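Listed here are the chains, written in short residue letters.
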Amino acid sequence: MEKEILMQIQVLFPVVAGCLLFIFSRRENKKVQTKYVTAVLLAETVLVAVSMFMGKTTVESFCLTPEIRLILCNDGLSAIFCILVTLVWLFVGIYSFCYLKGTRKPVMFYGFYLIALGVLQGIGLAGNLVSFYLFYEWMTLMTVPFVFYTRTKESVRAARKYLFYSVTGATLVLAAIFLLAGNTDGLRFTGSALNEAANRTEVLVAAALLILGFGTKAGMFPMHGWLPTAHPVAPAPASAVLSGVITKAGVLGLIRSLYYVIGADYLSGTPIQIMFFGLSLLTVFMGSMLAYKEKILKKRLAYSTVSQVSYILFGLALFTPAGLAAALLHMVFHSVIKNALFLFAGTVIHETGEERVDGLRGLGKEMPVTFWCFTFAALSLVGIPPMAGFVSKWYLAKGALSASAGVFSYLGPAVLLLSALLTAGYLLPITADGFFPGRDYVMATPEAREGNVSMMVPLIVFAAASVLLGVFSAPLYRFVTELGLNLMF
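Quick look at the structure, then. (Residues numbered from 1 in each chain as written. Predicted model: local features only at pLDDT ≥ 70, side-chain atom pairs only at ≥ 80, totals over all residues. Heavy atoms only, no water.)

1. Here's the deal with the overall build of the protein
How we decide: Strands are runs of DSSP state E lasting at least 2 residues, helices are runs of H or I lasting at least 4, and numbering of each runs from the N terminus. For the radius of gyration, the atom set is restricted to C-alpha positions; the globular benchmark scales as 2.2 Å times the number of residues to the power 0.38. Relative accessibility decides the category of a residue: with a 1.4 Å probe and only protein chains considered, values under 20% of the type maximum give buried, values over 50% give exposed, and everything between is partly exposed. By definition, residues are in contact when any of their heavy atoms lie within 4.5 Å. Values of accessible area rely on a 1.4 Å probe in the Shrake-Rupley scheme; residue burial ignores everything except the protein chains shown. By the counting scheme adopted, Arg and Lys are positive, Glu and Asp are negative, and His together with the chain ends is not counted. To locate a charge, take NZ of a lysine, CZ of an arginine, CG of an aspartate or CD of a glutamate.
Looking only at helices and strands, one finds 19 helices and two strands in the protein. Computed over its C-alpha atoms, the radius of gyration of the protein comes to 22 Å, within 12% of the 23 Å expected for a compact globule of 489 residues. Counting only C-alpha atoms, the protein reaches 70 × 60 × 40 Å along its principal axes. By the burial criterion, 61% of the 489 residues in the protein qualify as buried. Sequence separation of at least 24 residues holds for 81% of the intrachain contacts in the protein that already meet a minimum separation of 6. For the protein, the exposed area adds up to about 18600 Å²; of that, 67% sits on carbon and sulfur atoms. Each charge class in the protein was averaged separately, 35 positive and 24 negative side chains, and the resulting centres sit 7 Å apart.

The following block contains the structure:
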């Protein structure tokens, strides 16, 4: 009984804490608010750690109708997602205290930040597709304020675009749920919930809708447009969690629906798999090319996210245990790396006001720790051994070559390799120009300096993790491999 109660508290605690912050914010000063948010984030971290290590538990929270039931379940996949979300939320939250200091009503950000944490815990713990969809929709509503936080015309316009894309994607998912409802036994995450009388055409159409719908949040072409629009106008902490976590909610939706409801074997070798391959690889290449040409730093990183998240989608499209394991590895590693890169961008913007890539020249001499953190994260994203990005990309290529995917077994690794070269082309020159500006360089921002301790510690943690997770990746790889094997065999 304690397990069931703890799992529900894991979801409700941050939501209630965020609501209380809105109610009592006018009576407290900013120091009290930051202490309150820190205490909530630390308490939620402990809650998640205890809940995840208490063993698998399933609980039905409430039942609207016999078909619409809110079910929570903490399996291996939910452990990966919930722990990742909680740790990212903790360190990015600490970073935001200094970054948002002096901005207009930071309590709005913190309130929605805490509520979104609880909703994301619900996404990770959802035990059926209906429960997942409920939390998924609330996630969109709770993260829209991150985008229009500055209240500028550009931010409001970007928030509308983010909301339009998200609602469109969610509508496609809802249509898929309607199609699957009559072809499955309760839409439960069991490995394959299809019944014996399932209509193959309806199931395949539903799979296509799920790929497009959840692919919207994951930034997959042709529904990727919200990412490069939202990131430049959102504050850096918001950009970090949008790129590092919110996009992964779309990935989790694809895993849950395609692997846990329909079943990988059912989709393998179908036109749906070919469509999935084509869209993911096209997005990988397109995102890398757009990032290579982009001159605004945060927009470049946004296009990079479009490309890198589709590495994960390519792994999922293999519909093999090896592909799923590699995709989960890259999901974790990309989240850590991209948080480091966006916190780097936020630190530079906060201390210098410089938002363009060509304006970073020479700043490495004034902000060496910040630029070294960027360099380690960039090398990891490129895929330089033995860093985290190399490990996950190695297993993605290996999984593709060992799969029976026809031409995509070879085309996939080739596109990933080309994308890695483009990644080096749009990230590493920032390091080179930052530390070696040339003899003719004149410091344009003499006041440049390292960020506050509360900003630098999270940046250093994420940068170090982008290296150490690669060096010590064996335990996590064994865990995700066992997860994939248990699911499909």
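2. Focus: a nonpolar patch on the surface
For clarity, the threshold we go by: Like charges are joined within 9 Å and nonpolar side chains (Val, Leu, Ile, Met, Phe, Trp, Tyr) within 5 Å, but only among residues with over 30% relative accessible area and no salt bridge; these make up the patches. What makes a salt bridge here is a side-chain nitrogen of Lys or Arg within 4 Å of a carboxyl oxygen of Asp or Glu, nothing more.
Among the surface-exposed residues, Leu 12, Val 16, Leu 20, Phe 22, Ile 23 and Phe 24 lie close enough to one another that they form a single nonpolar patch of about 530 Å² accessible area. Tracing the sequence through the fold places Leu 20 in helix α1 (residues 2-24).

3. Here's the deal with unusual backbone geometry
In this structure, the amide linkage connecting Phe 221 to the following residue, Pro 222, adopts the cis form with an omega of 10 degrees. Note that Pro 222 resides in the loop between α7 (200-217) and α8 (226-233). Look at Arg 151: it is not a glycine, yet its phi comes out positive at around 65 degrees. By relative accessible area, Arg 151 is classed as partly exposed at 29%. In this model, Phe 319 sits at a positive phi of 55 degrees, which is unusual for a non-glycine residue.

4. Observations concerning α8
Given 3.6 residues to a turn, an α-helix orients residues that are three or four positions apart in the same direction. Where burial is concerned, most of α8 is hidden: six out of the eight residues are buried. Listing the buried residues of α8 in full gives Trp 226, Leu 227, Pro 228, Ala 230, His 231 and Val 233. Packing partners of the buried residues in α8 comprise α5 (129-147), α6 (153-181), α7, α9 (236-262), α12 (297-317) and α13 (321-352).

5. Looking at the packing of helix α3 (residues 76-99) against helix α4 (residues 106-125)
What counts here: Fitted lines through C-alpha atoms give the axes, limited to the stretch in contact for helices. The angle between two N-to-C directions lies from 0 to 180 degrees. By the definition adopted for this analysis, an angle is roughly parallel if under 35 degrees, roughly antiparallel if over 145, roughly perpendicular if from 65 to 115, and oblique otherwise.
Viewed as axis vectors pointing N to C, α3 and α4 meet at an angle of 170 degrees, and their least axial separation amounts to 8 Å. With respect to α4, the element α3 is oriented roughly antiparallel. Side by side, α3 and α4 meet where Ser 78, Phe 81, Cys 82, Val 85, Thr 86, Val 88, Trp 89, Val 92, Gly 93, Ser 96 and Phe 97 of the first sit next to Phe 109, Tyr 110, Tyr 113, Ala 116, Leu 117, Leu 120, Gln 121, Ile 123, Gly 124 and Leu 125 of the second.

6. Focus: the packing of aromatic side chains
Rule in force here: Any two rings among Phe, Tyr and Trp, with Trp reduced to its six-membered ring, count as a pair given centres within 6.5 Å; such a pair is stacked if its planes are under 30 degrees apart, edge-to-face if over 60, and tilted if neither. Whether a charge lies above a ring is judged from NZ of Lys or CZ of Arg, which has to be within 6 Å of the ring centre and within 35 degrees of the ring normal.
With the rule as written, the count across this model stands at 27 aromatic pairs. Ring geometry for Tyr 162 against Trp 226: centres 5.0 Å apart, planes inclined by 50 degrees, an arrangement best described as tilted. Of this pair, Tyr 162 sits in helix α6 while Trp 226 sits in helix α8, and the two are 64 residues apart along the sequence. Residues Tyr 162 and Trp 226 agree in their burial class; the two are buried. Over the face of the ring belonging to Tyr 266 we find Arg 200, whose NZ or CZ atom lies 5.0 Å from the ring centre. When the ring centre of Tyr 136 is taken as reference, the NZ or CZ atom of Lys 217 above it lies at 5.6 Å.

7. Examining the nonpolar core
Put simply, the rule reads: Nonpolar core, defined: a set of buried Ala, Val, Leu, Ile, Met, Phe, Trp, Tyr and Cys residues in which side-chain atoms within 4.5 Å join the residues together.
Counting residues in each nonpolar core, the largest one holds 175 residues, and the members touching the most others are Trp 89, Leu 258, Tyr 259, Phe 276 and Leu 316. In terms of residue count, α13 provides more of this core than any other element does, 19 residues in total. Beyond its immediate chain neighbours, meaning those up to four positions away, Trp 89 contacts Leu 41, Tyr 113, Ala 116, Leu 117, Leu 120, Phe 146, Val 241, Val 245 and Ile 246.

8. What to know about the packing of α3 against α9
Threshold: Amino acids outside the nonpolar list (Ala, Val, Leu, Ile, Met, Phe, Trp, Tyr, Cys, Pro) and the charged list (Asp, Glu, Lys, Arg) are all regarded as polar, and Gly is one of them.
In contact at an axis separation of 9 Å, α3 and α9 are set at 170 degrees when each is read in the N-to-C sense. Considered as vectors, α3 and α9 are oriented roughly antiparallel to each other. Residues Leu 77, Ser 78, Phe 81, Val 85, Val 88, Trp 89, Val 92, Tyr 95, Ser 96 and Tyr 99 of α3 form the contact with α9, whose participating residues are Ala 236, Pro 237, Ala 240, Val 241, Val 245, Ile 246, Lys 248, Ala 249, Leu 252, Ile 255, Arg 256 and Tyr 260. Across the contact of α3 with α9, the residue classes tally to 18 nonpolar, two polar and two charged.

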